[in-house]
Amino acid sequence: MKRSIFTPVSCASRQSGFTLIEILVVLVIMGMVSGILFQALERAYRLQERFGAELFGVQQGQMATDWYRQTVHGLRPDYPDGHSLFRGEGDEFSGLTNNALGEAWGVPTQITWKIRKNQRSGGSELVYLEGGQEAHILAWHGQEARFIYVDAQLVPHDNWPPPLGPWPQLPAQIQLITSGVGEAINIVATPMGTALLVPRLQDL
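Residues numbered from 1 in each chain as written. Predicted model: local features only at pLDDT ≥ 70, side-chain atom pairs only at ≥ 80, totals over all residues. Heavy atoms only, no water.

With that settled, the discussion passes to the sheet that holds strand β8 (residues 156–157). If you trace the four strands from one edge of the open sheet to the other, you get β8-β7-β9-β10, paired in antiparallel fashion. In this open sheet, the two edge strands, each paired with only one partner strand, are β8 and β10 (186–189). (Pairing = 2+ DSSP bridges. Helix = DSSP H or I, 4+ residues; strand = E, 2+ residues; numbered from the N terminus.)

Printed below as a string of structure tokens:
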């Protein structure tokens, strides 16, 4: 008896795939996950924007502080009959520095730092002057601000040189102090330039 080369199929073939309910469940889950991710991203962008602005403000303040200290570190005395002798008051000081912010780096240059009140904003600003040009370096809330000049014995003075007694041309420290509205600012800088002047022919 011959056998047929065809074997009968014992069970019916099934079609594989997802049911409608399974597809709906997957879509619902994907929608929930997407909503959570979008909310997290939006929150992250808001935090980045807010802290980015604060970080930018901190960086700008740090940069202004470094510029102020840089010029004060380079302060040097002028000759007794010179036109750039260091003079300091409560809202302004001027003198010679080797660390000017302009193009004259390393060359003794007369500079001036001023504290100026801004009537529009009701605050104050720190202004730098060099070569007839001025630059607004730092601004803050409140109008209570002043320069303080500290001598070698760490005694503060409102002006430099003080009215009585022989004093060196440069103070030991120059402090910028603010008070009143907003966060207080206290920047301390020390003149580190040479105190020795090159002898001139007329001085010999």
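Now, onward.
The buried fraction of strand β3 (residues 92–97) is high, at five of six residues. Relative to β3, strand β1 (residues 75–76) is paired through two bridges, and the arrangement is antiparallel. Paired with R76 across the two strands is L96, which belongs to β3. Both strand β2 (residues 87–88) and β3 contribute to a ladder of two bridges, which runs antiparallel. When the sheet's bridge partners are listed, R87 is paired in β3 with S94. Taking the residues that link successive antiparallel strands as the turn, the β2-β3 hairpin has three residues. (Buried < 20%, exposed > 50% of the residue type's maximum accessible area, 1.4 Å probe, protein only.)

Within the secondary structure, N98 is located in the loop between β3 and β4 (109–118). When residues no more than four places from it in sequence are discounted, the contact partners of N98 are G74, R76, W105, G106, V107 and P108. (Contact = heavy atoms within 4.5 Å.)

By the secondary structure assignment, H157 is in strand β8. For H157, a relative accessible area of 15% corresponds to the buried category. Apart from the residues lying within four places of it in its own chain, the contact partners of H157 are I148, Y149, D151, P162 and W167.

The next thing to look at is the packing of aromatic side chains. In this structure the tally under the stated criterion is nine aromatic pairs. Between W113 and Y128, the aromatic rings sit 4.9 Å apart at their centres with planes inclined by 55°, giving tilted as the arrangement. Taken together, the positions of W113 in strand β4 and Y128 in strand β5 (residues 123–130) put the pair 15 residues apart, joining distant regions of the chain. Taken as a pair, W113 and Y128 share a single burial class, namely buried. What links up through ring pairs into an aromatic cluster is the set Y68, F86, F93, W113, Y128, F147 and Y149. (Phe/Tyr/Trp six-rings, centres within 6.5 Å; stacked < 30°, edge-to-face > 60°.)

It is worth spelling out the pairing of strand β9 (residues 173–179) at this point. Within β9, five of the seven residues are buried, which leaves the element mostly enclosed by the surrounding structure. The pairing of strand β7 (residues 144–150) with β9 spans seven bridges and is antiparallel. For A145, the partnering residue across the bridge sits in β9 and is T178. Summarising the sheet, β9 and β10 pair through four bridges and their orientation is antiparallel.

Let's shift gears to the pattern of salt bridges. In total, this model carries one salt bridge according to the counting rule given. Its salt-bridge partner being R116, residue E134 comes within 3.2 Å of it at the nearest N-O pair. One end of the pair, E134, is in strand β6 (residues 133–140); the other, R116, is in strand β4, and 18 residues separate them in sequence. Judged by its relative accessible area of 40%, E134 is partly exposed. (Salt bridge = Lys/Arg side-chain N within 4 Å of Asp/Glu carboxyl O.)

Ranked by internal contacts, the top residues of the largest apolar core, which has 25 residues, are Y68, F86, F93, W113, L126, F147 and I174. For this core, the elements supplying multiple residues, two or more each, are α1 (20–73), β4, β5, β6, β7, β9 and β10. Discounting chain neighbours no more than four positions away, the residues touching F93 are Y68, V72, F86, R87, G88, I111, T112, W113, F147, Y149 and I174. (Core = buried A, V, L, I, M, F, W, Y, C linked by side-chain atoms within 4.5 Å.)

Moving on, we get to a nonpolar patch on the surface. Together, F18, L20, I23, L24, V26, L27 and M30 make up an exposed nonpolar region whose accessible area comes to about 750 Å². Here L20 shows up in helix α1. (Patch = residues over 30% accessible without salt bridge, like charges linked within 9 Å, V, L, I, M, F, W, Y side chains within 5 Å. Areas by Shrake-Rupley, 256 points an atom, 1.4 Å probe, with all protein chains shown as cover.)

For the rest of this paragraph, the subject is the environment of S124. Following the sequence through the fold, S124 ends up in strand β5. Taking relative accessible area as the criterion, S124 reaches 2% and is therefore assigned buried. Along the sequence, S124 and Q143 sit 19 residues apart, while their C-alpha atoms lie 5.3 Å from each other.

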